[in-house]
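Single-letter residue listing:
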Amino acid sequence: MTVPAARPVRTPAPAPGHDPHADLRDAVGRWFGETARDLPWRAADRTAWGVLVSEVMLQQTPVVRVEPAWRDWMARWPEPADLAAAATADVLRAWGRLGYPRRALRLQECARAIVERHDGEVPLGEEALRALPGVGEYTAAAVTAFAHGRRAVVVDTNVRRVLARAVGGTALPAPSYTAAERATAAAVAPPGDADAVLWAAASMELGALVCTARAPRCGACPVRDACAWRRAGRPGDEHAARRRTQAWAGTDRQVRGRVMAALREAPGPVPRGVVAEVWHDAAQLDRCVASLVEDGLVEQVDDLYRLPA
DNA sequence: AATCCGGGGTA
DNA sequence: TACCCAGGATT
């Protein structure tokens, strides 16, 4: 574990005009130093590529499901050039059931872009990172902080929730990421590289382990006495009426998932008749297979379907 | 800003 | 059942 150690407690009294978020950061940083999970992409021997792979896998997939897949993946393709040279079918099978398999496709495209544009090394700087396939605002900031050790404002769903509660006093952040949230996050992030990296990791960890969405463990929170939401009596979610959970049963996403599962598990090309067995609605199935072909996740050769070579 | 895109664990 | 998860791309 080589996450930066917590800063020493601030001994001098805060001067007038001091950073109003310093106490929050210090408390969360100390807590992180004591309770951080020992995740492999945080290990001393981690690589920038390993960090990038972990961040892509963690896009909408929980840590407990990513960890074993990440270990297998990194053992098989330890460097970008290795993944760039792999067969896409093998990449999609290794991705397994992590979900959103387009991420696996983009991760391989990302590896190829790193080889072609950056000599096989994960580039420095959020602008260069964001130009890579599958890398957005969050992932570029996370790689900058956790792989390169440079200051970045890292805001994921955990950090949004921590800031909404501790600073904003609301139960949950707004459904979509707002400019006001981005400004708050930038103001809370400390100026120095090491401090910013620690705050990024610690605030994410607090949201994942204590300041959780469903049943926050306020009794175990290092900032419970300063939390604006708790001080306000933990009011309910003001955006509850606008939140809608995505349907699953019967959606194209479910059908696509079934088709991909069938192709992953098959050793070779699958006849149309076998694909037809995964879903009862032929029209919907055809539409979904066509969209998978369009996405580059499936290839069709005559009456056979297979994962891309 | 709204939608689409997987899958599984949990209350 | 509903909700949630280290989001990104497209419209």
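Given the structure is predicted, the values throughout are model-derived calculations rather than measurements.

Cut-offs applied
- Residues take numbers from 1 onward in each chain, read along the sequence in its written order.
- Just so you know, chain letters begin at A and ligand numbers begin at 1, following the order they were written in.
- Only residues with pLDDT of at least 70 get local features here, since the model is predicted, and only at 80 or more are side-chain atom pairs given and counted; chain-wide, interface and lining totals rely on the full set of residues.
- Just so you know, side-chain values use all the structure's heavy atoms and leave hydrogens and water out.
- UniProt positions are given in the numbering used here, feature names are shortened, and annotations may be inferred rather than shown by experiment.
- We count a stretch as a helix when DSSP gives it H or I for four or more residues in a row; a strand needs E for two or more, and each element gets its number in order from the N terminus.
- Neighbouring residues are identified by heavy atoms, a residue being near a molecule or strand if any of them is within 4 Å of it.
- Only Asp, Glu, Lys and Arg are considered charged, only Ala, Val, Leu, Ile, Met, Phe, Trp, Tyr, Cys and Pro nonpolar, and every remaining residue, Gly among them, polar.
- The definition of a polar contact used here is a pair of N or O atoms within 3.5 Å, where within protein one atom must be able to donate a hydrogen and the other to accept one, and adjacent residues in sequence count solely through side-chain atom pairs.

J.: What's the story with the UniProt feature "domain: HhH-GPD" (unreviewed entry) in chain A in this structure? I'm lost.
T.: When the UniProt feature table is mapped onto this chain numbering, "domain: HhH-GPD" (unreviewed entry) sits at residues 57-209. Each end of residues 57-209 is marked by a C-alpha atom, and these two atoms are 19 Å apart; helix forms 64% of the span and strand 0%.

J.: Would you mind going over the protein's contact with DNA strand B with me for this structure?
T.: In the region of DNA strand B, 18 residues are neighbours, and Arg-97, Pro-101, Arg-253, Arg-256 and Gly-257 sit closest. In terms of residue count, helix H13 (residues 252-265) provides more of the surface near DNA strand B than any other element does, 4 residues in total. Residues of the surface near DNA strand B, tallied by class, amount to 5 nonpolar, 5 polar and 8 charged.

J.: Which parts of the structure should I look at to understand the protein's contact with DNA strand C?
T.: Neighbouring residues of DNA strand C: 26 residues in total, closest Thr-139, Asp-156, Arg-161, Arg-214 and Thr-245. A breakdown of the atoms of DNA strand C within 4 Å of the protein gives sugar and phosphate a share of 67%. Contact between DNA strand C and Asp-156: a sugar or linking oxygen at 2.6 Å from a side-chain N or O atom of the residue. Broken down by secondary-structure element, the contributors of at least two residues to the surface near DNA strand C are helix H6 (102-118), helix H8 (137-146) and helix H9 (157-166). When grouped by side-chain class, the residues that make up the surface near DNA strand C number 9 nonpolar, 8 polar and 9 charged.

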